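The chain contents come next:
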Amino acid sequence: MKRLTALLAAALICTGTVLATSADAEAVSCRRGYFCVWTHANFDGMKIEHSGDDHWWEGNMNNQDSSWANHGVSGPGVKDHVKIYDGRELTGGVTLCLAPGQEISYNGGANDKGGSHTWASRC
Ligand SMILES: [Ca+2]
């Protein structure tokens, strides 16, 4: 049953990715207006929700991030993209940049690398 649920969740996530440009089609559990990070792929494990910047990810998320969702709300002049940096204090280069509505279930290049993030106007 757990496997079936996981498959179903994966299918929903795929659908959500396709429809990511429309704000009402968000599939993963992450509050509107928030950037969410999970310690495991496929939006599993521990989750942290951020409404603002965090330039110092705590030890239980630092270099543990494996999936990400940007549920930021767009608007004129709003910083609705999220840049994740390799190191804390926005150092070490950007490992990922998420557009509003974007959900990433896994990324090998960015996996377990993040140390801080900031909202930005663009990638
Ligand atoms: Ca991880």
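Residues numbered from 1 in each chain as written. Predicted model: local features only at pLDDT ≥ 70, side-chain atom pairs only at ≥ 80, totals over all residues. Heavy atoms only, no water.

What follows covers the overall build of the chain. Scanning the chain from N- to C-terminus turns up 1 helix and 7 strands. Mapped from its N terminus to its C terminus, the chain presents α and β elements in the order α-β-β-β-β-β-β-β. For the chain, the residues scored as buried account for 35% of the 123 residues in total. Residue pairs at least 24 apart in sequence account for 67% of intrachain contacts in the chain once pairs closer than 6 positions are excluded. In the form shown here, the chain has an accessible surface area of approximately 6700 Å², with 54% of it arising from carbon and sulfur atoms. (Helix = DSSP H or I, 4+ residues; strand = E, 2+ residues; numbered from the N terminus. Buried < 20%, exposed > 50% of the residue type's maximum accessible area, 1.4 Å probe, protein only. Contact = heavy atoms within 4.5 Å. Areas by Shrake-Rupley, 256 points an atom, 1.4 Å probe, with all protein chains shown as cover.)

Turning next to the sheet that holds strand β2 (residues 44-50). Each strand in a sheet pairs with its neighbour through backbone hydrogen bonds, running either in the same direction (parallel) or in the opposite one (antiparallel). On the basis of which strands lie adjacent, the open sheet formed by 4 strands has the order β2-β1-β3-β6 and antiparallel pairing. Single-partner strands in this sheet number two, and they are β2 and β6 (103-104). The pairing of strand β1 (residues 35-40) with β2 spans 5 bridges and is antiparallel. By the bridge assignment, Phe 35 is partnered in β2 with His 50. (Pairing = 2+ DSSP bridges.)

This brings us to the confidence of the model for the chain. Averaged over all residues, the pLDDT of the chain is 87; the fraction at 70 or higher stands at 79%. Note on residues 14-24: pLDDT is under 50 here. Beyond four places in sequence and across chains, it has 7 contacts. (pLDDT = per-residue confidence, 0-100.)

Our next topic: unusual backbone geometry. Phi is positive for Leu 90, which is not a glycine, with a value near 60°. Note that Leu 90 resides in the loop between β4 (81-85) and β5 (94-98). For Leu 90, a relative accessible area of 24% corresponds to the partly exposed category. One non-glycine residue with positive phi stands out, namely Asp 112, at about 55°.

With that settled, the discussion passes to the nonpolar core. Counting 12 residues, the largest nonpolar core is built from Phe 35, Val 37, Trp 57, Met 61, Trp 68, Val 82, Ile 84, Leu 96, Leu 98, Ile 104, Ala 110 and Trp 119. Of all the elements in the fold, those that place two or more residues in this core are β1, β4 and β5. Discounting residues that sit within four places of it in the chain, Ile 84 has contacts with Phe 35, Trp 57, Asp 65, Trp 68, Gly 93, Val 94, Thr 95, Leu 96, Leu 98, Gly 114, Ser 116 and His 117. (Core = buried A, V, L, I, M, F, W, Y, C linked by side-chain atoms within 4.5 Å.)

Here the focus is the state of the cysteines. One pass over the full model with this rule turns up 2 disulfides. The side chain of Cys 30 participates in a disulfide bridge whose partner is Cys 36; the two sulfur atoms lie 2.0 Å from each other. Measuring the twist about the S-S bond at about 90°, one finds the Cys 30-Cys 36 disulfide to be right-handed. Between the sulfur atoms of Cys 97 and its disulfide partner Cys 123 the distance amounts to 2.0 Å. With the S-S bond torsion at -90°, the cross-link from Cys 97 to Cys 123 turns out left-handed. Of this pair, Cys 97 sits in strand β5 while Cys 123 sits in the segment after β7 (116-120), placing them 26 residues apart in sequence. For Cys 97, a relative accessible area of 22% gives the class partly exposed. Along the chain, the cysteines that take part in disulfide bonds pair up as 1-2, 3-4, counted in sequence order. (Disulfide = S-S within 2.5 Å.)

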